[in-house]
Amino acid sequence: MKIAIGNDHVAVDMKNEIVKYLVSKGYDVTDVGTNSSESTHYPIWAEKVGNLIISGEVTKGILICGTGIGISIAANKIKGIRAVVCSEPYSAKLSTQHNDTNVLAFGARVVGVELAKMIVDSWLDAQFEGNRHQMRVDMITEIENK
Ligand code: RB5
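Bear in mind the structure is a predicted one, so any value in this text is a computation, not a measurement. (Residues numbered from 1 in each chain as written. Predicted model: local features only at pLDDT ≥ 70, side-chain atom pairs only at ≥ 80, totals over all residues. Heavy atoms only, no water.)

Visitor: Quick question: what am I supposed to make of unusual backbone geometry here?
Guide: A negative phi angle characterises most non-glycine residues, just as the trans form characterises most peptide bonds. A cis amide bond, omega 5°, links G33 with the succeeding residue T34. Even without being glycine, D100 reaches a positive phi, approximately 50°. Here D100 shows up in the loop between α4 (89-99) and β5 (103-107). The exposure class of D100 is partly exposed, given its relative accessible area of 27%. Phi is positive for N131, close to 50°, though the residue is something other than glycine. (Helix = DSSP H or I, 4+ residues; strand = E, 2+ residues; numbered from the N terminus. Buried < 20%, exposed > 50% of the residue type's maximum accessible area, 1.4 Å probe, protein only.)

Visitor: How should I be thinking about the pairing of strand β1 (residues 2-7) in this particular structure?
Guide: The side chains of a regular strand alternate between both faces of the sheet. The buried count for β1 comes to five of six residues, which makes it a mostly enclosed element. Of the pairings in the sheet, the one linking β1 to strand β2 (residues 28-33) comprises five bridges and is parallel in character. Across the sheet, A4 pairs through a bridge with T30, a residue of β2. Each parallel crossover has a hand, and for β1 linked through helix α1 (residues 12-24) to β2 it is right-handed. Relative to strand β3 (residues 60-65), β1 runs parallel, the two sharing five bridges. The residue of β3 that forms the bridge with I3 is K60. (Pairing = 2+ DSSP bridges. Right-handed = clockwise from strand over helix to strand, strands pointing away.)

Visitor: Can you help me understand the site of the ligand in this one?
Guide: Every residue near the ligand is listed here: D8, V10, Y42, C65, G66, T67, G70 and R109. Take T67: an N or O atom from its main chain is 3.0 Å from an oxygen atom of the ligand. The backbone of G70 places a nitrogen or oxygen atom 2.9 Å from an oxygen atom of the ligand. For the ligand, whose accessible area on its own is 300 Å², the fraction buried by protein is 70%. (Near = heavy atom within 4 Å. Polar contact = N/O pair within 3.5 Å; in protein donor to acceptor, adjacent residues only side chain to side chain. Areas by Shrake-Rupley, 256 points an atom, 1.4 Å probe, with all protein chains shown as cover.)

Visitor: Just checking my understanding: could you explain the pattern of salt bridges for this structure?
Guide: It is possible for side chains bearing opposite charge to pair when their charged atoms get close. Counted under the stated rule, the structure contains five salt bridges. The closest approach of N and O atoms between K117 and E114, which form a salt bridge, is 3.2 Å. With K117 and E114 both in helix α5 (residues 113-125) and three residues apart, this pair spans about one turn of that helix. (Salt bridge = Lys/Arg side-chain N within 4 Å of Asp/Glu carboxyl O.)

Note that every value here comes from positions in space, so none of it alone points to a role or purpose.
What follows is the structure in structure tokens.
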């Protein structure tokens, strides 16, 4: 699976750890940056990752900022993106099973690297369950299209 990953200046070290982890598990990872500790703006990186998903170049995206909040809000402004911000694995898993999320966000100032890996695993290993959940996801899309 192809996964894009993006982050602001707060999350460079965390991003590098997650990229290493994903590559070790066989994922094809596109790192859109930032790779600098110079202050930047999280919407830039959210938009880059979101656009790669919408264009079909990657299947899913991971976004990391200080809290995961700003970067997930920005990603959710892109039509077709369903981003979840998680600081524990249960919600990450359910967000795939019930909400068919295509972006996972978390905070480098909130979770440690090992917990982040568990969150990523729970999110990626789960399957969307469809059926009544598909209907609800379609309702979200209808809101987007109004
Ligand atoms: C940057 O200081 C910080 O605001 C950002 O990383 C993020 O936490 C925003 O939601």
